[in-house]
Amino acid sequence: MIDRAEEKLRVSRSDRDQSTTRASMLLLLFALCCALPRAWAEPGAGLRTWTRFARLPYPADKAFLYDTFPSGFAWAAGTAAYQVEGAWQKDGKGKSVWDTFTRGGARVLTGDVGSDSYHNVRADVRALSQLGVTHYRFSLSWPRIFPDGDAAGARNARGVQYYRELLRELRDIGVQPVVTLYHWDLPDSLQRRHGGWNSSALVGLFARYADFCFRTFGDDVKLWITMDNPFVVAWHGYGTGVVAPGVKGDPDMPFRVGHNLLKAHAAAWHLYNERYRAKQGGKVSIALASHWIKPSSTRLESHHACQCSLDFVLGWFARPLFVDGDYPPCMKRNLTHRLPSFTKEERADINGTADFFALSHGPALSFQLINDSLRFGQTEDLDLRMLLYWVHAEYNNPPIFVVESGWFVSGNTKTKDAKHMYYLKRFIMETLKAIRFDRVNVIGYTAWSLLDGFEWYREYGIRRGLFYVDFNSEHLTREPKTSALFYSKLIEKNGFPELPENRPAVGVFPCDFAWGVAANSIQVETTPTQFVDPSVYIWNISDNGKLNRLESVQIPVRRMRHCADYAAIRQQISEIQAMHVSHFQFSLNWSSVVPTGQISEANNTLLSYYHCFVSELQRANITPVVTLWHHTGKLSSLPALLEANGGWQSDETVQAFTEYARLCFRRLGAHVKLWITLNEPNEEGLCYAVGHQLLRAHALAWRVYDNEFRKSQGGKASLVLHMDWVEPAFSFSREDVAPANRVLDLRVGWFAEPIFGTGDYPAVMRSWLQQRNTIDLFNYHLPTFSEEDRQLVKGTYDFFAISHFTTSMVYDGVEDKYLYKDSLEVQMISDVTWIMSSRRNSPVVPWGLRKALNWVNSHYKGVPIYVMANGVQEDTARFKDSLRVYYLYNYINEALKAYMLDGVNLKGYFAYAFNDQRDPGFGMYGNVQEEVIVKDSLNHYRNIIDHNGFPAPNSPAQQCLHTPDHCPVCQVLAKQPVVGFISLVGSSVLITLGLVIYYGAKRHK
């Protein structure tokens, strides 16, 4: 009977084809002319995808795109029947292969209840209404409508009524249904009776089932999906056995199953096309899922391997439908006789049986169900934009509806699903880029899934829903997650419209703005050049070519030594000058200057070298900014004896630091006008007791400078705090902001509040740690300031200096234990749309700097602020360091916004770092053996400095009054003109008298 039905359908199709042959021939020339513009997309054109994207400008192409989707773009959410419906034996429903599969082997959890959508139609429709979607993709349960699987038999009226009710509810709220006929839940009776999709009998059975659905529901449905992800059904249902029906053992069976699935889809499409399209006006396709793959090398062979990987997963079903009715050449070459073949008639029958390309992308396949053999030695990746472009190129620009996309969170996660939300944001942004930049015809996007449910072979171990389902509650209540709130706002705005703060600022910094470059240390070579070296050397020309110094032999040198005699100083000053900066910041090495900790045993040679360095900087009109102590993490930077005696926890170290600071102020202060006592003392890992001592050490050093040196030297002093920005992962309520504020208080306020504020630790910090004191697992004890110490520390600053590199996000919750901060009870996370640097957990987020500057300004109004270090790590071999160029431009532009738009008292900006030799991966100078290389970033930074920011095109040059060089005599003349005049006259008389005496004595002689 099934065979007769198929034959009848085939005969009627043949008659129709013969009757239209002559008309088609007459239109052939016209059709060919119309097809010419599309002829570029020959089969295999997707191979160009990897080359095309490799040529796009980095990192600008990876930047977030602020734009909106085309008018009429379809926004959808989706579910699958077995995952959410439940009621597995209710109201006459028959068993599906999943009902049987979940009761076999070691599996203990089932989808018997799922999200109980069968009893919660209105709750589900209410959720759709809250989202504001235009479309809802759901699947019909074949065994709920036909318990026996055969549409020729009895149908289940209650099952039909359930779907009619759902369609009516959708119509009432104006949501268009996208209906899938088969989403993996094959009637178990068909599996037992025919062997499931391994039998060609299912082609006719599926056609009859589809015919009933089109006839019964078609007036309300304009978009049909015949089946979901046939690759998973064939490869894992009948190959690996990972999913239902769990058949395995026959390596050729997946290809027979895929063959039958294709023919069944084509039969359903033709049936709709011939019997229902004219009346119902709908469209029919098949949901095809794919991973993405990137080449492991730049060789063409890797590109061909990637093409093969996609052909074996997506092309297996897409090429027959969208190209020529046959399998991809790569499959035919690799599988030969194992792959079934189509007859000429079957190829013609299958080709073109899709009205749009329904693409599925996400964890149901990517990184989950792709075997190593299907990667062909290449690397799997998540890049929806490139996949969309590949489909566009490979299949001649079909309209693409993304019918499944999203990610997942752990099964323990409730409503705060930040990871899912940011992956949604990423995939939607990549879809937008495909539309705007790549001209891909994407017509809709489906967030998966509407509800938490039974996640196939992963059961309830993960959650993918936009709405949280409490599986332990009586009515399985639904609650919107943060991803649902995000998605609804995005739909409301139809994308990511650009806001004023997203646009680059145009303007310049003030004339006295400090442009600098920072380095952790400088190159120290205390041996002067050959011109002032009294030693004698022999050139060992016959062996290694080295110069060997003769002991005890020296030549008298009459010329006095000068600071410029140090070749290392000359070279470094020359390189700094070439950057056009006005300031240079570097750190002294305490353990080298005072190896024992006793200033009486200071290294005078090194101090003299530092003195020469700062004096030569000043001669070059570059202001030195000198750091006394630079925190170096686990590596101690203290003199060894002090480290051995308790390090910073000892009062001896605090006093020694004070004496060391006094020594440096005395020896170098004449040339140093900006001092940093401590650099980044608030780094993670330091206990609060050490932090307390560091605050005292800074305060004592600052008091020494203020009391003993400021009047004569006229400089300023402060400390640098590490201040990466911390953003709430979501901010839909006041509670969402609290974790970020807590982190900032405990990381930045820890040092800032005692110095710049009240003289004590932040109240939030103290109360938070007091609540956790009883645990005492993480050294939560926060020391208390005595009144004396409070007065000592408070106000010990002349400016607020920060080092800033990146931004992270936080929320209350636990998703990734490796990024969970126990002491702060927050989950750290990055927005996956951010550009990532080579440094772990250090994305490029320019607006974070502006927010950090505003935080400082709002807490300590009007305080002068310096960005003392700001930079990004990049491969030292990349001299065309495009990421750093992008980083500097955008971070400095955000600093300009803080100054111009927000009123932040920003005094200076220091790029980090000077060179790779001292700060590997961060430098604007690179090195190849002994040669110094100027990177692209240096030229770009110099250009920004030369323009003092970002002036408008064709605007007049900024007019700045010339500031004369430091001139003590000029200051005396300006402040006390009478004394100055008398001094000048007296000096002239003395000089004249001296000349008279000199020439008189010479004439007498």
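An account of the accompanying structure is given in this report. (Residues numbered from 1 in each chain as written. Predicted model: local features only at pLDDT ≥ 70, side-chain atom pairs only at ≥ 80, totals over all residues. Heavy atoms only, no water.)

Moving on, we get to the overall build of the protein. When helices and strands are counted, the protein shows 34 helices and 34 strands. Buried residues in the protein amount to 55% of all 1005 residues. A sequence separation of at least 24 residues applies to 77% of the contacts in the protein between residues at least 6 apart. In the structure as shown, the protein presents an accessible area of about 44500 Å², 53% of it carried by carbon and sulfur atoms. (Helix = DSSP H or I, 4+ residues; strand = E, 2+ residues; numbered from the N terminus. Buried < 20%, exposed > 50% of the residue type's maximum accessible area, 1.4 Å probe, protein only. Contact = heavy atoms within 4.5 Å. Areas by Shrake-Rupley, 256 points an atom, 1.4 Å probe, with all protein chains shown as cover.)

Attention shifts here to helix α25 (residues 651-668). Helix length check: α25, at 18 residues, gives a terminal C-alpha distance of 26 Å against a target of 26 Å (1.5 Å per residue), a fit within 8%. Regarding α25, the residues found buried are Thr653, Val654, Ala656, Phe657, Thr658, Tyr660, Ala661, Arg662, Leu663, Cys664, Phe665 and Leu668. Turning to α25, the residues buried within the fold contact α22 (590-593), α23 (604-619), β20 (623-630), α24 (640-644), β21 (674-679) and α26 (688-713). If you check the start of α25, you find a side-chain oxygen 3.1 Å away from the backbone N of Glu652, and it comes from Ser650. (Expected span 1.5 Å × (residues − 1). Polar contact = N/O pair within 3.5 Å; in protein donor to acceptor, adjacent residues only side chain to side chain.)

Right, let's get into the pairing of strand β11 (residues 442-448). Here β11 lies mainly inside the structure; six of its seven residues are buried. Here strand β1 (residues 74-78) pairs with β11 via five bridges, running parallel. Bridging from a neighbouring strand, Gly78 pairs with Trp448 of β11. Where strand β9 (residues 400-405) and β11 come together, four bridges link them in parallel fashion. Across the sheet, the residue bridging to Ser405 is Ala447, located in β11. (Pairing = 2+ DSSP bridges.)

What the eight strands build is a closed barrel, ordered β1-β2-β3-β4-β5-β7-β9-β11; its pairing is parallel. When strand polarity is set aside, the average angle formed by the axes of neighbouring strands in this sheet is 25°. As judged from the three bridges shared by strand β5 (residues 283-289) and strand β7 (residues 357-360), these two strands associate in the parallel manner. Bridge pairing in β7 links Leu288 to Leu359. Where helix α18 (residues 384-394) meets the sheet, it contacts β7, β9 and β11, and its direction lies at approximately 145° from that of β9. (Axes fitted to C-alpha atoms, helices over the stretch in contact; angles between N-to-C directions.)

A few words now on the pairing of β9. Most of β9 sits out of view: six of its six residues are buried. Here β7 runs beside β9; their pairing, made up of four bridges, is parallel. Along β9, the bridge assignment pairs Ala358 with Phe401.

A cluster of nonpolar side chains, contributed by Ile538, Leu550 and Val553, occupies part of the molecular surface with about 220 Å² of accessible area. Looking at the element boundaries, Ile538 is found in strand β17 (residues 535-539). (Patch = residues over 30% accessible without salt bridge, like charges linked within 9 Å, V, L, I, M, F, W, Y side chains within 5 Å. Salt bridge = Lys/Arg side-chain N within 4 Å of Asp/Glu carboxyl O.)

Bringing the pattern of salt bridges into the picture now. Summed over the entire model, instances satisfying the criterion amount to 52 salt bridges. Note that Asp438 and Arg385 form a salt bridge whose closest N and O atoms lie 2.8 Å from each other. A residue pair is termed long-range when its members are at least 10 positions apart, and Asp438 in the loop between α19 (418-436) and β11 and Arg385 in helix α18 qualify at 53 residues. Looking at Asp438, the relative accessible area reads 4%, which means it is buried.

Tallied over the entire structure, the rule returns 90 aromatic pairs. An angle of 45° between the planes, with centres 5.4 Å apart, marks the rings of Phe730 and Tyr811 as tilted. Here Phe730, found in the loop between β23 (725-728) and α27 (734-756), pairs with Tyr811, found in strand β25 (residues 807-811); they are 81 residues apart in sequence, far enough to count as distant. Tyr811 matches Phe730 in its accessibility class, with the two residues each being buried. One aromatic cluster in this structure is built from Tyr82, Trp98, Phe101, Trp184, Phe454, Trp456, Tyr460 and Phe471. Against the face of Tyr389 rests Arg52, its NZ or CZ located 4.5 Å from the ring centre. Note that Arg742 overlies the ring of Trp768, its terminal NZ or CZ placed 4.0 Å from the centroid. (Phe/Tyr/Trp six-rings, centres within 6.5 Å; stacked < 30°, edge-to-face > 60°. Lys NZ or Arg CZ within 6 Å of the ring centre and 35° of its normal.)

The strands that make up a sheet pair up through hydrogen bonds in the backbone, lying either parallel or antiparallel. Overall, parallel pairing links the eight strands, which are arranged β16-β19-β20-β21-β22-β24-β30-β31 in a closed barrel. For this sheet, the mean inter-axis angle between neighbouring strands, taken without regard to orientation, is 25°. Bridging between strand β16 (residues 514-518) and strand β31 (residues 906-912) involves five bridges; their strand directions are parallel. Bridge pairing in β31 links Trp515 to Tyr909. Packed on one face of the sheet, helix α30 (residues 847-859) meets β24 (800-803), β30 (865-870) and β31 and runs near 145° to β30. Strands in contact with helix α31 (residues 882-900) are β16, β30 and β31; relative to β31, the strand with the most contacts, it is inclined by about 170°.

What the rule picks out here adds up to three disulfides. The disulfide bridge from Cys308 ends at Cys330, spanning 1.5 Å between sulfur atoms. Negative torsions about the S-S bond denote left-handed disulfides, and the value of about 100° found for Cys308 with Cys330 makes this one right-handed. With Cys308 in helix α15 (residues 300-324) and Cys330 in helix α16 (residues 329-335), this residue pair connects regions lying 22 residues apart in the sequence. For the residue pair Cys308 and Cys330, the accessibility class agrees, reading buried in each case. The disulfide that involves Cys563 links it to Cys612, with 2.2 Å between the sulfurs. A torsion of -70° about the S-S bond marks the disulfide between Cys563 and Cys612 as left-handed. Taken together, the positions of Cys563 in the loop between β18 (547-554) and α21 (567-577) and Cys612 in helix α23 put the pair 49 residues apart, joining distant regions of the chain. With no disulfide of its own, Cys306 lies closest to Cys308 among cysteine sulfurs, the gap being 10.0 Å. A residue is classified by how much of its surface remains accessible, and Cys306, at 0% relative accessible area, is buried. (Disulfide = S-S within 2.5 Å.)

Bringing the nonpolar core into the picture now. Core analysis: the biggest nonpolar cluster contains 304 residues, and Leu140, Trp197, Trp224, Tyr445, Phe584 and Tyr941 have the highest contact counts within it. In this structure, Ala74, Val178, Ala287 and Ala358 belong to the second largest nonpolar core, which totals ten residues. (Core = buried A, V, L, I, M, F, W, Y, C linked by side-chain atoms within 4.5 Å.)

This part takes up the side chain of His671. Residue placement: His671 occurs in the loop between α25 and β21. A polar contact of 2.7 Å, which involves the side chain of His671, links it to the side chain of Gln618. Those residues in contact with His671 that sit more than four places away from it in its chain are His611, Val614, Ser615, Gln618 and Pro624.

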